[in-house]
Structure formats: C-alpha cells, structure tokens
Amino acid sequence: MACEKNITSGFELDCTSIPTKGIVQSVTIMNTSDIDKGATVFNVANEEIIESLVLKTGAKQGYLMTGVKTLLNGQATFAPKDDTFDGWVHTLIGYIGDLNPNALDQLKAYTNGAEITAVLEMKYIGSDGTGSSRYKVFGYDQGMVLTEAVFDANVNGGLPFTLSNKDGFENNGFPYAFFITDDTTTEAAVTALLTPTAP
C-alpha cells in the first residue's frame, strides 16, 4: 500500500455534541506480547479502527487499573522525524493506591521492562451516537514501558507512574479506535479481555 499524503476531508465541530474531556477511571491493561496480532482485525474501509483484539492462548488476559477523578489519564504526542516516518508517543498515567506485596511484585515486572497495551474508555462517545469514539487502544504497535514513578509518602501515600514509549520506538499513529458494530458490542469485547484465554 502506498503512503497516503493527501487529505480527503476536513474536520467540522458539531455544536450539538461538544466533546467531553477525560477518561473513565477504569483502564484495561495487558502485556503487549500477549496480543495475537495475526488475529487482529482492522476495518476494511478505515484501518484506524480495530474490530477484533485477540489475546493468545495460554491463560492470557487483560487486567483492570482503576482510579478516581483524574488519577488515570491518556496522552498522545506527535513525534516528527527528519529521516524516517513520523510517529506518535502513547502515554498512560497510572496510579497504585495500595503498595501491598502483590502490587510491589507487579511493579517489579514494570521495572524489568514489561511492555503494556491499554484500552481506554473516553467520556465522549462521538457525535454520531454510535460509540465509535469511545474506546482507544494505546501502545498497540509499540508497547508502553515504565518511564517515570515518584513515591512521596507526604503527598498521598500511593504511587503515581507513567507508562510511555521508549525513545525512538514510537507508535505508527494516533491510538487506534476500538469499535465493533455498536457501543454495546464493543463494550462486551472490552470486558471479554478480562477473561483468561484457554490454557
């Protein structure tokens, strides 16, 4: 496929559906290596839409990270390049409220280089009402790794941390939309990621 460099439409603001900022404080995270990328289905007409996100067999599953207010957040930053393709840095702001032994064990995995892909639910579902703008997949092309974490017992006792792409290993584009037919079907598919796959 040729690299398309010509735009084919513009952007119009629908004043009857003003975007709502923020994400739902429940993020589905998974090991990037657990995704069966050969089974991922992209929309035929728009390759920015993932229609099927499948995990490999072997009891692989996604996990929930939850927060309140704006503890959890997602960011995508354009990364222009002079000598290769431009990219996007995907970032997930996370939080560990209870630094119990199990949490510390998981934190060690992040410290050791775990690469994470996450499905974030936007508060804004899109102007068409179908929910096609609700879910975004961060870190699909290049998983996100731990890039920052600062513990301060005098602030809140928990651990805010940042997962982002390694320098020079940006994603190919903006976080993919995750949408299957309608909002209800897509929500069910996101929930299904939390169920372990066959052994």
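The present account deals with the structure reproduced in this document. Only a predicted model underlies this, so the values are computations on that prediction, with no experimental measurement involved.

Rules of the game
Residues numbered from 1 in each chain as written. Predicted model: local features only at pLDDT ≥ 70, side-chain atom pairs only at ≥ 80, totals over all residues. Heavy atoms only, no water. Helix = DSSP H or I, 4+ residues; strand = E, 2+ residues; numbered from the N terminus. Buried < 20%, exposed > 50% of the residue type's maximum accessible area, 1.4 Å probe, protein only. Phe/Tyr/Trp six-rings, centres within 6.5 Å; stacked < 30°, edge-to-face > 60°. Core = buried A, V, L, I, M, F, W, Y, C linked by side-chain atoms within 4.5 Å. Pairing = 2+ DSSP bridges. Axes fitted to C-alpha atoms, helices over the stretch in contact; angles between N-to-C directions.

Phi angles above zero are rare outside glycine, and A59 is one such case at about 60°. When you line up the elements, A59 lands in the loop between β3 (49-52) and β4 (63-66). At T181, a residue that is not glycine, the phi angle is positive and equals roughly 70°. Residue placement: T181 occurs in the loop between β11 (176-178) and α2 (183-192). A relative accessible area of 65% means that T181 is categorised as exposed.

Here we come to the packing of aromatic side chains. Using the criterion set out here, one finds 6 aromatic pairs in the structure. Centre to centre, the rings of F42 and Y140 are 6.1 Å apart; their planes meet at 85°, and the pair counts as edge-to-face. Here F42 is found in strand β2 (residues 41-42), whereas its partner Y140 is found in the loop between β8 (135-138) and β9 (145-149), with 98 residues between them in sequence. We classify Y140 as buried; its relative accessible area is 5%. Their ring planes at 85° and their centres at 5.3 Å tell us that W88 and F174 sit as a pair that is edge-to-face. One end of the pair, W88, is in strand β6 (residues 87-96); the other, F174, is in the loop between β10 (159-164) and β11, and 86 residues separate them in sequence. The exposure class assigned to F174 is partly exposed, which follows from its relative accessible area of 42%. Members of the aromatic cluster, connected to one another through ring pairs, are F42, Y140 and Y176.

Judged by nonpolar contacts, the single largest core of 21 residues is most densely connected at V27, I29, L92, A118, L120 and L163. Mapped onto this core, the elements with two or more residues apiece are β1 (26-31), β6, α1 (101-111), β7 (116-121) and β10. One finds M30, V119, Y140 and Y176 within the second-largest nonpolar core, a separate group that totals 14 residues.

Let us look at the environment of F161. Within the secondary structure, F161 is located in strand β10. Along the primary structure F161 and V150 are separated by 11 residues, whereas in three dimensions their C-alpha atoms are 6.9 Å apart.

Further remarks concern the sheet that holds β9. Picture the strands of a sheet paired through backbone hydrogen bonds; they go either parallel or antiparallel. Spatially, β5-β6-β10-β9 is the arrangement adopted by the 4 strands of the open sheet, whose pairing is antiparallel. Where the open sheet ends on each side, the last strands, each with one partner, are β5 (73-79) and β9. The sheet shows a mean angle of 25° between the axes of neighbouring strands, taken without regard to direction. The pairing of β9 with β10 spans 4 bridges and is classified as antiparallel. By the bridge assignment for β10, A149 is matched with F161.

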